[in-house]
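Geometric and topological summary
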Amino acid sequence: MTDNTLIAVKPEIAAGSHADAERRTAMVAEATKDPDGFWAREMNRLAWMRAPTKIKNTSFEGDVSIRWFEDGVLNLTESCLDRHVEGGRGDAVAIIWEGDDPKADAHVTYRQLLERVCRLANAMKSLGVRRGDRVSIYLPMIVESAVAMLACARIGAVHSVIFGGFSPDSLSSRIQDCESTLLITADEGRRGGRTVPLKANADEALKSCPTIRNVIVARNTGGGVAMEDGRDHDWAELCDAQSAECAPEPMGAEDPLFILYTSGSTGKPKGVLHTTGGYGVWAAFTHELVFDYRPGEVYWCTADVGWVTGHTYIVYGPLANGATTLMFEGVPNWPDSSRFWSVVDKHKVNIFYTAPTAIRALMREGEAPVKKSSRKSLRILGSVGEPINPEAWLWYYRVVGDERCPIVDTWWQTETGGILISPLPGSVAQKPGSATLPLPGVFPALVDNDGAILEGATEGNLVITDSWPGQMRTVFRDHERFVQTYFSTFPGKYFTGDGARRDEDGYWWITGRVDDVLNVSGHRMGTAEIESALVAHPKVAEAAVVGMPHEIKGQGIYAYVTLKVDEEPTEALRKELVAWVRKEIGPIASPDAIQWAPGLPKTRSGKIMRRILRKIAANETDNLGDTSTLADPTVVQDLIGNRVG
Ligand code: ATP
Ligand code: MG
């Protein structure tokens, strides 16, 4: 079920946009013909201490070497902070913080943010943290998390942010992997009215982390926590004693900026390493173009800073562009399911960026919670993390955006540093469920399983044939694994692990992970299409489809279906859904089994973990693989208990 309706660019969005049709065409042409010339101009989005003279030096062959702007020197925090303050925008709001408690919020100006970053940077130096050292950050969604990341960048330390919802085990394995010497955490976090015992988790984790010498603890809830003498330091006490000025460390463009572990949807998380110059350029470039960011606008990305989306589109991209970025501590459905929209109204949010999982969850609750808000300030809506089903796309467009706001469905990965495929609101007409077209300077292709490039309207493995500045450089201390994971399946090309379809208009549709592709009687099918057909049924809120062993077909189709609130799972509905999918896609796609799922197993970033569902469908539940990034293990027990067939 693919919707081929074109939703044209609105004249009011095109007018004055950063990339109207003409400009986009020119950019695509130049970035293709003369990448060095193109990026030598775009790099001026950042403040350089020494401007690069070498622009692109990359090879996907052999040992794989990716270098951008390599002789340039910069400190990314100058681009994100100093230059705005020096340029007379010191009193502009950098961060609006909205607490879990709807009554709690704060505004931090660029000047205040710079000062806080410098104090913490000096504090870290006083604890012996040096350029190149790794610092782990385990914080809730509070301003301190942005301060901590930027303070690392200020002194050239490499940050590794670990999502505040992770367990002590997940925390310790990520600390051990990068051998960080400092951990920055908080007493407790708040989420959906509950407290999260961060410091207690950290204490537990640190029992197996001998490299950690110091811990800085932010007082957030004020809850009492144990402090270990000589190791643990109170953030405020430590920072109050420091100077509010800290000279930015001159960094090479290819010096590491951060390590971040992937979500773990397909297996054990990978430690992705990003460097300074190319990542910074990519963050600033894509944030302005994709969200058509205009000065003075309030921009809100609902991700957590523990994910790459939070790195690039809460912290580095918006701050490099001098934007006002909103940081939200809470969850979409607390105190009630209109929270997102009341925050939009409260802070007059212009650009809103969230994930399909949140949209589908809110859709389940109906229109009323949305409609009680005005949402008049909204101009652009974004989606990231999974394929967005056309049904959810249309709901987002009609109900949330009142058909006024373009939707940017942004396809990218932790590895890509920033968005690679997305409509640009000023120039690209949208199709519900399609990420549309690559950004200027991005060269995707489809290949068959032998690596041959496929032309025209077709489906295949999604690869990228040449480098872009924001690309990951290596797996931390394991270049071999980097080459193996991303460049060995299709030598000479970056393999994304995703499948995609390109339609007659050259639009790209992500069909899901290639590991999840089904092979039913010799027909290859992506999961996204069947799931979208199910979600299009008026009673269905969410669906996940996997293959299961089938004697005749090779693989049969096993669907897990979550119904909308108040819908009854009946035998009649089961039959109706099978018939519905047959009608929407064809008999080849009829589900062989449908299991009612009150919840689906998801990563903590909200993505469906189909590899676990595959095991349940195949009744191989003794070995579920790496489940450390699973958000709610009880969901899995329930599904195992109610397996069909
Ligand atoms: P791991 O690599 O550890 O298995 P992960 O792939 O979920 O985890 P991320 O880097 O957070 O880790 O997610 C990137 C993946 O998310 C993409 O490869 C793609 O499968 C999916 N994705 C992200 N955005 C979109 C989108 N707009 N449309 C379709 N899929 C998307
Ligand atoms: Mg991945």
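Residues numbered from 1 in each chain as written. Chains lettered and ligands numbered in written order. Predicted model: local features only at pLDDT ≥ 70, side-chain atom pairs only at ≥ 80, totals over all residues. Heavy atoms only, no water.

Here we come to helix α5 (residues 110-126). Between its terminal C-alpha atoms α5 stretches 24 Å, which fits the 24 Å expected from 17 residues at 1.5 Å a residue. Along α5, the residues that are buried comprise Tyr110, Leu113, Leu114, Val117, Cys118, Leu120, Ala121, Asn122, Ala123 and Met124. Once α5 ends, the next one or two residues include Gly128, with phi positive near 90 degrees. (Helix = DSSP H or I, 4+ residues; strand = E, 2+ residues; numbered from the N terminus. Expected span 1.5 Å × (residues − 1). Buried < 20%, exposed > 50% of the residue type's maximum accessible area, 1.4 Å probe, protein only.)

Here helix α16 (residues 479-487) has its buried residues at Phe482, Val483, Tyr486 and Phe487. The arc that holds every buried residue of α16, seen down its axis, measures 100 degrees, which confines them to one face. In this fold, the buried residues of α16 make contact with β2 (65-68), β24 (474-475) and β25 (494-502). (Arc of directions from axis to C-beta. Contact = heavy atoms within 4.5 Å.)

Take the site of ligand 1 next. Around ligand 1, 21 residues are found, and the nearest of them are Thr262, Ser265, Thr266, Thr414 and Arg513. At a separation of 2.7 Å, an oxygen atom of ligand 1 approaches a polar backbone atom of Gly264. Note that an oxygen atom of ligand 1 is positioned 2.5 Å from one of the side-chain N or O atoms of Thr266. Relative to its unbound accessible area of 640 Å², ligand 1 is 94% covered by the protein chains. (Near = heavy atom within 4 Å. Polar contact = N/O pair within 3.5 Å; in protein donor to acceptor, adjacent residues only side chain to side chain. Areas by Shrake-Rupley, 256 points an atom, 1.4 Å probe, with all protein chains shown as cover.)

Mapped onto this numbering, the UniProt entry gives "domain: Acetyl-coenzyme A synthetase N-terminal" (unreviewed entry) at residues 26-80. Between the C-alpha atoms that bound residues 26-80 there is a distance of 28 Å. The span itself is 38% helix and 18% strand. (UniProt positions renumbered as here; feature names shortened; annotations may be inferred.)

Glancing now at empty space enclosed by the protein. What the rule picks out here adds up to six cavities of 30 Å³ or more. Space inside the largest cavity adds up to approximately 100 Å³. Lining the largest cavity are 13 residues, with Leu139, Pro140, Met141, Gly164 and Arg191 positioned closest to its centre. Ranked by the residues each element gives to the lining of the largest cavity, the list is headed by strand β9 (residues 189-191), at three residues. For the lining of the largest cavity, the residue count by class is six nonpolar, three polar and four charged. Secondary-structure elements contributing two or more residues to the lining of the second largest cavity are α17 (527-535) and β29 (540-550). Here the lining of the second largest cavity takes three residues from α17, the largest share from any one element. Residue composition of the lining of the second largest cavity, by class: five nonpolar, one polar and five charged. (1 Å grid on protein atoms, 1.4 Å probe; cavity = no way out; pocket = protein on both sides within 12 Å on 5 of 7 lines; lining within 4 Å. Points joined across faces, edges and corners; volume = space filled by probe spheres on them. Nonpolar A, V, L, I, M, F, W, Y, C, P; charged D, E, K, R; others polar.)

The next thing to look at is the sheet that holds strand β22 (residues 453-454). Taking strand neighbours across the sheet as the criterion, the five strands line up as β22-β21-β23-β25-β26 in an open arrangement whose pairing is antiparallel. Two strands in the sheet have a free side with no partner beyond their single neighbour: β22 and β26 (508-513). In this sheet, β25 lies alongside strand β23 (residues 458-464) in antiparallel orientation, the contact comprising six bridges. Paired with Thr458 across the bridge in β25 is Arg502. (Pairing = 2+ DSSP bridges.)

Annotation from UniProt places "binding site: CoA" (unreviewed entry) at Arg191, Gly192, Gly193, Arg194, Thr309, Asn333, Ser521 and Arg582. These annotated residues cover 392 residues of sequence, and their C-alpha atoms reach 49.2 Å apart at the extreme, placing them across more than a single site. As for the annotated residues named above, the ones lining the largest cavity are Arg191. Setting aside residues no more than four positions away along its own chain, Gly193 makes contact with Asp100 and Trp334. With respect to the helices and strands, the residue Ser521 is situated in the loop between β27 (518-520) and β28 (523-525). Excluding anything up to four places from it in sequence, Ser521 contacts Lys553 and Ile588.

Attention now moves to a negative patch on the surface. Negative charge collects at one region of the surface, where Asp63, Asp177, Asp478 and Glu480 lie side by side. Turning to its location among the elements, Asp478 is positioned in the loop between β24 and α16. (Patch = residues over 30% accessible without salt bridge, like charges linked within 9 Å, V, L, I, M, F, W, Y side chains within 5 Å. Salt bridge = Lys/Arg side-chain N within 4 Å of Asp/Glu carboxyl O. Lys, Arg positive; Asp, Glu negative; His and termini not counted. Charge placed at Lys NZ, Arg CZ, Asp CG, Glu CD.)

Among the structural elements, Leu289 can be located in helix α10 (residues 277-290). Assessed through its relative accessible area of 2%, Leu289 is described here as buried. Considering only alpha carbons, one finds Leu289 and Asp20, 269 residues apart in sequence, at a separation of 9.9 Å. For Leu289, the contacting residues outside a window of four places in its chain are His18, Ala19, Met27, Arg45, Leu424 and Pro425.

Our focus in this paragraph is the pairing of strand β8 (residues 182-186). Counting buried positions over the five residues of β8 gives five, a clear majority of the element. Where burial is concerned, the two faces of β8 agree: the one with Leu182, Ile184 and Ala186 and the one with Leu183 and Thr185 are both buried. The sheet contact formed by strand β6 (residues 134-138) and β8 spans four bridges and is parallel. The residue of β8 that forms the bridge with Ser136 is Leu183. Both β8 and strand β11 (residues 214-218) contribute to a ladder of five bridges, which runs parallel. Within the sheet, the bridge partner assigned to Leu183 lies in β11 and is Val215.

Before going further, it helps to spend a moment on the nonpolar core. Counting residues in hydrophobic clusters, the biggest one holds 132 residues, and the most contacted among them are Leu113, Leu120, Met124, Ile184 and Tyr316. With 10 residues, helix α6 (residues 143-155) is the single largest residue contributor to this core. Counting residues in hydrophobic clusters, the runner-up holds 30 residues, among them Ala358, Val370, Leu378 and Ile388. (Core = buried A, V, L, I, M, F, W, Y, C linked by side-chain atoms within 4.5 Å.)

Right, let's talk about the state of the cysteines for a bit. Counted under the stated rule, the structure contains zero disulfides. Free cysteine Cys178: the closest other cysteine sulfur is in Cys209, separated by 9.4 Å. For Cys178, a relative accessible area of 0% gives the class buried. (Disulfide = S-S within 2.5 Å.)

It is worth spelling out the sheet that holds strand β15 (residues 271-275) at this point. Taking strand neighbours across the sheet as the criterion, the eight strands line up as β12-β11-β8-β6-β7-β14-β15-β24 in an open arrangement whose pairing is mixed. Looking along the sheet, the strands with just one partner apiece sit at the ends: β12 (232-234) and β24. Across the sheet, helix α8 (residues 198-206) touches β6, β8, β11 and β12, and the angle it forms with β8 is around 155 degrees. (Axes fitted to C-alpha atoms, helices over the stretch in contact; angles between N-to-C directions.)

What follows is about the packing of aromatic side chains. Counted by the stated rule, this structure contains 34 aromatic pairs. Considering the side-chain rings of Phe38 and Trp39, the 4.9 Å spacing of their centres and the 90 degrees angle between planes classify their relative orientation as edge-to-face. On the basis of relative accessibility, which here comes to 1%, the residue Trp39 falls in the buried class. Ring geometry for Trp48 versus Phe69: centroids 5.8 Å apart, planes at 55 degrees, classification tilted. Of this pair, Trp48 sits in the loop between α3 (35-42) and β1 (56-59) while Phe69 sits in the loop between β2 and β3 (73-74), and the two are 21 residues apart along the sequence. Taking the relative accessible area as the measure of exposure, Phe69 reaches 0% and is therefore buried. The ring of Phe166 carries the charged tip of Arg174 above its face, separated from the ring centre by 4.4 Å. (Phe/Tyr/Trp six-rings, centres within 6.5 Å; stacked < 30°, edge-to-face > 60°. Lys NZ or Arg CZ within 6 Å of the ring centre and 35° of its normal.)

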